[in-house]
Amino acid sequence: MFVRYLRVLAPVLAAFIILGLCTTTAQARGSVPRVTGVSRVSQDWQHAKLKIRWSSVRGAKYQMRVASAAARLRSTRPMATRTAAGTYTKALNRNGTYYVQVRALKKRGKGMWSAATRVRFTKPRQAVTVIDPPVVPPTTPEPTAPEPTTPAPTTPEPTTPAPTTPAPTTPAPTTPAPTTPAPTTPAPTTPVVTGTPVTPLPTPNTTVPAGGRKVFAHYFPPYPISADNKPASAPLLANADYYTRNFLTVDGEKGKHSSYGGFLRDRPVPRPVSTASNWHLVDARKEVQQAKDAGLDGFTLNLLTITGQNWDWSVLIMQAASELGGFEIIPNVDGTASFSTHPPAEVAAKLAQLYSYSAAAKEGTDYLLSSFKAENRSTDWWRAVINTLKTDYKIPTKFIAVFLNASDANMQAFKDFSYAFSNWGVRTVASVKNAPNLAAKAHAMGKKWMAPVAPEDARPREMNYAEASNTGLLRAMWGRANSDGADYIQIVTWNDYSESTQIAPSVAHGTVFLDLMGYYAKWFRTGSAPAITKDQVYVTHRIHLSTAVPKYGNATASYRMGGMSTPPQDTVESLVFLTAPATLSLTSGGTTSTFAMKAGISAVTVPLKVGTVSAVLSRGSTKVEDLTSPYPVVQTPEVLDFQYMAFGGPAGVRDYQHFPLRW
């Protein structure tokens, strides 16, 4: 009888036990929070892995599973991980789309799987198309460069901070911005309005110096055309050049700059890999030729170190300029870099080496010597360098003291041994117009004045920038240099990509800034505006609104760099040089505005909107120019980028990296 009862009760007891276990498991799962915030944070292109992160669950470990379809996630073996900060997947197909789920694990159970998140690879920024065929590169060691310097404290007046000294071993990357489609329904065309003529530059009002008015561009050695003679793009990221694999990828330099989205936002126009054993010199010649053809007189050559890659490249620039001829180099001792920390005798010896080249700039029988932040070294130190050059090497010099703060006190301190003064300058239209007339102060002391001119200033590493107002800053600085009667110009800079002040041919700007500098340089030297012989349309805009929140890196950036306070201006600008009146249609994000443009130089702006930027120039029924920006304006950029993109040029030219027009 008892046995019969057991046979009846056994299934019932088993059912209760199973139900109890299920209930316990369900309770355990319910006590472990479900993971949220799963997203792609970056990628390892070389090893075809995606990096995933999610919101952390206190005291939990995790499991992550990845599949090519959401339905396959259940059958996919999960991988264990301890961190929510970022975990790489296994190797995947870079062309595929994947789905990711994550769940939290604790001693008391497992949480529910997160919602399936769709992820995919983003191709690294593509290289600009080049004409010459690529060839197999020789192997070269990784480039090195000096440690970054600390910016000088800001002065009461708005001033541009001292440039940091970066290196191809501490740089960073730009991840390509995701393209956001333009609105499909264009807004109605606005009524025709008249374009704003650009105020002519005044004629310089001082006596032309012995060598004539000259225009120099500040050359920064850490950023040559190529650092290692590798291709700009390659199937494996590790085989690409230094700019691509480290400067222009978020995870470059082992991710040390990922907090602000990378070190750089632009690069020189890529070239094919060179088979020449002296490719460094070939590149140096090309940069000198580019500047020379644009109408510049020379470089002020920033001297960062007395040995190493930066010194070697400085020597190559001197050699290249000497071989080409007709282009001058002024050695520029950086008062914030290690070059200027050495004893005067050692510095003079290195300078004497540079002055042995025929390209070394001279005024009369004296060689020109320049500086950056001259006030960062004592006047006794500078005097010792100058005197040693004269007595030990028979090299008389005329010293150009370039200040970060051209105060009365600094000018007075350097007056006795300086030939000319200069300032690094400010970086907004308002600060340029409101700045004191430093040229007049220099002239009152019997000194020449070298005026600064810059296109813009945006520093990803410091997450700050100054609002350049499209090309407004460039034009305002040229105007001030003329009205103040400057004797020389220093364009700040030729190629400092870490501060976005570069005018050299680049991926983000083509040759637009170089074209414009060439035009205004000729105007400055002659006192008359060069004749406009061909229609030209230039367009500038950013790739996101100032309020955009990026996918990676800092979510905000300050526009108050150096104490300047012009707020962000989300605008598209077209600056045109016209042989005759014409109609300009400027489109931003599907909204088109039409302007009646006069002959000569005019500038117009429209609001920046997400989508595509384009410009059409017409005369009657004839379309003179039709340009579309290669840089889409996106709602959510990969990283913040406050430099202005630029495109356009002489009518009919479709290559945004065209050779500069000879004004």
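Predicted, not measured: the structure shown is a model, and the values here were computed from it. All residue numbers refer to positions counted from 1 along the written sequence of the respective chain. Given that this is a predicted model, residues contribute local features only at a pLDDT of at least 70 and side-chain atom pairs are listed and counted only at 80 or more, while totals for whole chains, interfaces and linings are drawn from all residues. Side-chain calculation: all heavy atoms of the structure are included, whereas hydrogens and water are not.

1. Side note on the environment of Asn554
Working step 1: Secondary structure elements are defined from DSSP: runs of H or I of at least 4 residues count as helices, runs of E of at least 2 residues count as strands, and each element is numbered from the N terminus. As for its placement among the helices and strands, Asn554 is situated in the loop between strand E22 (536-541) and strand E23 (571-578).
Working step 2: Contacts were defined at the residue level, with two residues in contact if any of their heavy atoms lie within 4.5 Å. In contact with Asn554, other than residues within four places in its own chain, are Ser259, Tyr260, Met463 and Leu640.

2. A short note on the sheet that holds E23
Working step 1: If you walk across this open sheet you meet the five strands as E10-E26-E23-E22-E29, and the pairing is antiparallel. Two strands lie at the open edges of the sheet, namely strand E10 (196-197) and strand E29 (645-650), each paired on one side alone.
Working step 2: Taken together, the six bridges between E22 and E29 define a ladder with antiparallel strand orientation. Bridge pairing in E29 places Val539 opposite Phe647. A pair of strands counts as paired when DSSP detects no fewer than two bridges linking them.

3. Considerations on the packing of aromatic side chains
The relation between two aromatic rings is expressed through the spacing of the ring centres and the mutual angle of the planes.
Working step 1: Here the aromatic set is Phe, Tyr and Trp, taking the six-membered ring for Trp, and pairing holds for ring centres within 6.5 Å; pairs whose planes are under 30 degrees apart are stacked, those over 60 apart are edge-to-face, and all others are tilted. Under the defined criterion, the tally for this structure stands at 26 aromatic pairs.
Working step 2: On the numbers, 5.9 Å between centres and 90° between planes, the contact of Tyr519 with Trp523 is edge-to-face. One end of the pair is Tyr519 and the other is Trp523, both in helix H11 (residues 512-526) and four residues apart, which spans about a single turn. Grouping residues by exposure puts Tyr519 and Trp523 together as buried.
Working step 3: Ring plane angle 15° and centroid distance 5.9 Å describe the contact between Tyr520 and Trp523, whose orientation is recorded as stacked. In this pair, Tyr520 and Trp523 both sit in helix H11, three residues apart, roughly one turn of the helix. Here the two residues Tyr520 and Trp523 agree in accessibility, since each one is buried.
Working step 4: One aromatic cluster is present, formed by Trp381, Trp382, Phe399, Phe403, Phe414, Phe417 and Phe421 through successive ring pairs.
Working step 5: We call a charge positioned above a ring when the Lys NZ or Arg CZ atom is no farther than 6 Å from the ring centre and deviates by at most 35 degrees from the ring normal. For Arg65, the ring lying beneath its charged end belongs to Trp113, and the centroid distance is 3.8 Å.
Working step 6: The ring centre of Tyr367 lies 4.8 Å from the NZ or CZ of Lys362, which sits over that ring. Working definition: with a 1.4 Å probe on protein chains only, accessible area under 20% of the residue-type maximum means buried, over 50% means exposed, and in between means partly exposed.

4. Brief notes about helix H10 (residues 472-483)
Working step 1: A helix is expected to span 1.5 Å for every residue after the first. For H10, spanning 12 residues, the distance from its first C-alpha to its last is 16 Å, which sits close to the expected 16 Å at 1.5 Å a residue.
Working step 2: Of all 12 residues in H10, 11 are buried; the element is thus mostly enclosed.
Working step 3: Turning to H10, its buried residues are Gly472, Leu473, Leu474, Arg475, Ala476, Met477, Trp478, Gly479, Arg480, Ala481 and Asn482.
Working step 4: With its phi angle positive at about 80°, Gly485 sits one or two positions after the end of H10.

5. Regarding unusual backbone geometry
Working step 1: The residue after Val492, namely Thr493, is reached through a cis peptide bond having omega 10°.
Working step 2: Within the element layout of this structure, Thr493 appears in the loop between strand E21 (488-491) and H11.
Working step 3: For Met463, which is not glycine, the phi dihedral falls at a positive 50°.
Working step 4: With respect to the element layout, Met463 can be found in the loop between strand E19 (457-459) and strand E20 (464-466).
Working step 5: By relative accessible area, Met463 is classed as buried at 9%.

6. Observations concerning the pattern of salt bridges
Working step 1: One side-chain nitrogen of Lys or Arg within 4 Å of one carboxyl oxygen of Asp or Glu is enough to make a salt bridge. Applying the stated rule across the entire model yields 18 salt bridges.
Working step 2: The salt bridge involving Asp241 is made with Arg267; its shortest N-O contact spans 2.7 Å. Taken together, the residues Asp241 in the loop between strand E11 (214-219) and helix H2 (242-247) and Arg267 in the loop between H2 and helix H3 (279-293) connect sequence positions 26 residues apart. Neither residue differs from the other here; Asp241 and Arg267 are each classed as buried.
Working step 3: For the salt bridge of Arg459 with Asp457, the shortest nitrogen-to-oxygen distance reads 2.9 Å. The pair Arg459 / Asp457 is uniform in exposure class, with both members buried.
Working step 4: Where salt bridges share partners, they join Arg427, Asp457, Arg459, Glu462 and Glu499 into one cluster.

7. Re the confidence of the model for the protein
Residues shown with low pLDDT carry predicted positions that ought not to be read at fine detail.
Working step 1: Think of pLDDT as the predictor's per-residue confidence, scored from 0 to 100. For the protein, the mean per-residue pLDDT works out to 85, and 83% of the residues sit at or above 70.
Working step 2: Contacts of residues 125-157 to residues separated by more than four positions or lying in other chains number 70 contacts, the stretch itself having pLDDT below 50.
Working step 3: Of the regions scoring below 50 in pLDDT, residues 169-190 engages in 86 contacts with residues more than four places distant in sequence or in other chains.

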